[in-house]
Amino acid sequence: MEILKLNPVFKDYIWGGNRLHDDYGFETGFDKTAEGWMLACHKDGMNTVDGGEYDGVALQDVLDEVGLTNMLGSNTQKYPYFPILIKLIDAYDNLSIQVHPDDKYAREVENEFGKTEMWYVLDALDDATLIYGFKEEITSEEFQRAIEDNTLLDKLNVVNVKKGDTFFIEAGTVHAIGKGAMIAEIQQNSNCTYRVYDYGRVGADGKPRELHIKKAVDVSKTVPPTHDIKPMGETVKKNGYDEQLITKCDLFNVKRFEVKEVVELSTSEESFMHILVINGEGTVNSRPAKKGDSFLVPANYEKFAIKGNIEFLSTTI
């Protein structure tokens, strides 16, 4: 089975900007583009394959032909769905303040899966901020009251961000990406979001965007964040490349590689590997690769080489 290069799926939410076009070179089809779904096998977005044996074929169709476990590895058997969704997010304006449910609540209420995610800050303006949990613990009743009397922003933990910061957003964490941040997001394969506050904005239909207050109060953990905002590991210098653990949890494991010459990698029978190029250019198994490119390496792939002056995030499960 060959390594698959994937075509992104683009979303034009109202807070998006132009960086996916200007900085990454994508022809998105939109004046403003909020998200590129770089690894997506979901009802709301599906990658197709770019080149090779399966050129133009939808990722789900490839999986149906090859077999989910053969392609993604034995760890996939723990999940009744494609395990993760990976995005590039360009926040030209503030995203809504939101929260995601856990699996139990989402399955019972939405017939969907929950959403734990992590953010890796690719770039940020000097004044860029994120909302990450609460300043101090409050009750659910106080949370509801703060929403109703428009004092919620006073309760939330606002963090100034810079390139390289990492945020682990467990289901139930109230959060928001602020304007000026460019983010790589690795998440459970879910699009289930409860919007808490939206700065009074209106959608394309001219009406205020829907809020989901009751559900948000039901699922939110109204406490300060418990995780640091830096990668979980230090940068380790190796022969021809640097390697760093970004996030490790029971849902996904993310590393950052900065290659100066070459790195040789492989996948186990347990998990595929996703490669998201975040800077520079080079080759992935001799195939040209540049900033923004997305590759899916099948499970049990014995050895492949990434060469050049190239930085990427690798994700396994």
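The structure this text deals with has already been given above.
For every chain, the first residue of the written sequence is number 1, and numbering continues from 1 along that sequence. Owing to the predicted nature of the model, reporting of local features is limited to residues with pLDDT of at least 70; listing and counting of side-chain atom pairs is limited to 80 or more, with chain, interface and lining totals taken over all residues. Calculation of side-chain values draws on the structure's entire complement of heavy atoms; hydrogens and water are dropped beforehand.

**Some words on the sheet that holds strand β7 (residues 84–91)**
Here, any two strands with at least 2 DSSP bridges between them count as paired. Helical segments are the DSSP runs of H or I of at least four residues, strand segments are the runs of E of at least two, and each set is numbered from the N terminus. Read from one edge to the other, the open sheet built from 6 strands follows the order β2-β3-β7-β14-β9-β12, with strand pairing classed as antiparallel. What marks the edges here is a single partner per strand, and that holds for β2 (9–11) and β12 (166–169). Averaged over all neighbouring strand pairs, the angle between strand axes comes to 20°, with direction disregarded. Pairing of β7 with strand β14 (residues 181–188), which is carried by 8 bridges, proceeds in the antiparallel orientation. From the neighbouring strand, Leu-85 faces β14, where its bridge partner is Gln-187. To obtain each axis, a line is fitted to C-alpha atoms, and for helices this fit is confined to the stretch in contact; angles are then taken between N-to-C directions over 0 to 180 degrees.

**Concerning helix α2 (residues 59–66)**
Along α2, the residues classified as buried are Leu-59, Val-62, Leu-63 and Val-66. Buried residues along α2 cover an arc of 100° about the axis, so they all sit on one side. Turned more than 90 degrees away from the buried face of α2, the exposed residues are Asp-64 and Glu-65. Just downstream of α2, Gly-67 is the residue with a positive phi angle, here 105°. Only protein chains enter the accessibility calculation, which uses a 1.4 Å probe; a residue is then buried when its area is under 20% of its type maximum, exposed when over 50%, and partly exposed in between. Relevant arc is that of directions from the helix axis to the C-beta atoms, nothing else.

**Section: the environment of Gly-29**
In this fold, Gly-29 is placed in the loop between α1 (19–22) and β3 (35–39). Residues Gly-29 and Asp-12, 17 residues apart in the sequence, show an inter-C-alpha distance of 9.2 Å.

**Regarding the layout of surface pockets**
Two kinds of site are reported from a 1 Å grid over the protein atoms alone, namely cavities, where a 1.4 Å probe fits but cannot get out, and pockets, open sets with protein on both sides within 12 Å along at least five of seven lines, and residues are called lining when an atom falls within 4 Å of a point. Grid points are joined across faces, edges and corners, and a volume is the space filled by probe spheres set on the points. In this model, the largest pocket occupies a volume close to 370 Å³. Forming the walls of the largest pocket are 22 residues, and the residues nearest its centre are Tyr-13, Gln-98, Asn-191, Thr-193 and Arg-195. Taken together, the elements giving at least two residues each to the lining of the largest pocket come down to β7, β9 (117–124) and β13 (175–177). If one sorts the elements of the lining of the largest pocket by residue count, β13 sits on top with 3 residues. Its residues placed into classes, the lining of the largest pocket shows 7 nonpolar, 7 polar and 8 charged. Computed from the structure, the second largest pocket encloses a volume of approximately 190 Å³. Forming the walls of the second largest pocket are Glu-243, Leu-245, Lys-248, Asn-253, Val-254, Lys-255, Phe-257, Leu-265, Ser-266, Met-273, Ser-314 and Thr-316. Breaking the lining of the second largest pocket down by element, the ones donating at least two residues are β17 (241–248), β18 (253–259) and β23 (304–316). At 4 residues, the largest contribution of residues to the lining of the second largest pocket is made by β18. Gly counts as polar in this scheme, as do all residues outside two lists: the nonpolar Ala, Val, Leu, Ile, Met, Phe, Trp, Tyr, Cys and Pro, and the charged Asp, Glu, Lys and Arg. In terms of residue class, the lining of the second largest pocket is built from 5 nonpolar, 4 polar and 3 charged.

**Focus on the pattern of salt bridges**
Salt bridge, as applied in this entry: a Lys or Arg side-chain nitrogen positioned within 4 Å of an Asp or Glu carboxyl oxygen. On inspection of all chains with the given rule, the structure shows 24 salt bridges. Residue Glu-110 is joined to Lys-215 by a salt bridge in which the shortest nitrogen-to-oxygen separation is 2.9 Å. Here the residue Glu-110 occupies a position in helix α4 (residues 103–110), and Lys-215 occupies one in helix α7 (residues 213–219), the gap between them amounting to 105 residues. For Glu-110, a relative accessible area of 28% translates into the label partly exposed. What you see here is one network of salt bridges that share partners, running through Lys-5, Asp-50, Arg-287, Lys-290 and Asp-293.

**Thoughts on the side chain of Gln-98**
Tracing the sequence through the fold places Gln-98 in strand β8 (residues 97–99). Take Gln-98: its relative accessible area is 12%, and that puts it in the buried class. A polar atom in the side chain of Gln-98 sits 3.0 Å from the side chain of Ser-96. Contact criterion: two residues are considered in contact whenever any of their non-hydrogen atoms come within 4.5 Å of each other. Each residue touching Gln-98, except ones within four places of it in the same chain, is listed here: Thr-173, Val-174, His-175, Thr-193, Tyr-194, Arg-195 and Val-196. Polar contact is defined as a pair of N or O atoms within 3.5 Å, subject to the rule that within protein one atom must be able to donate a hydrogen and the other to accept it, and that residues adjacent in sequence are counted only when both atoms are side-chain atoms.

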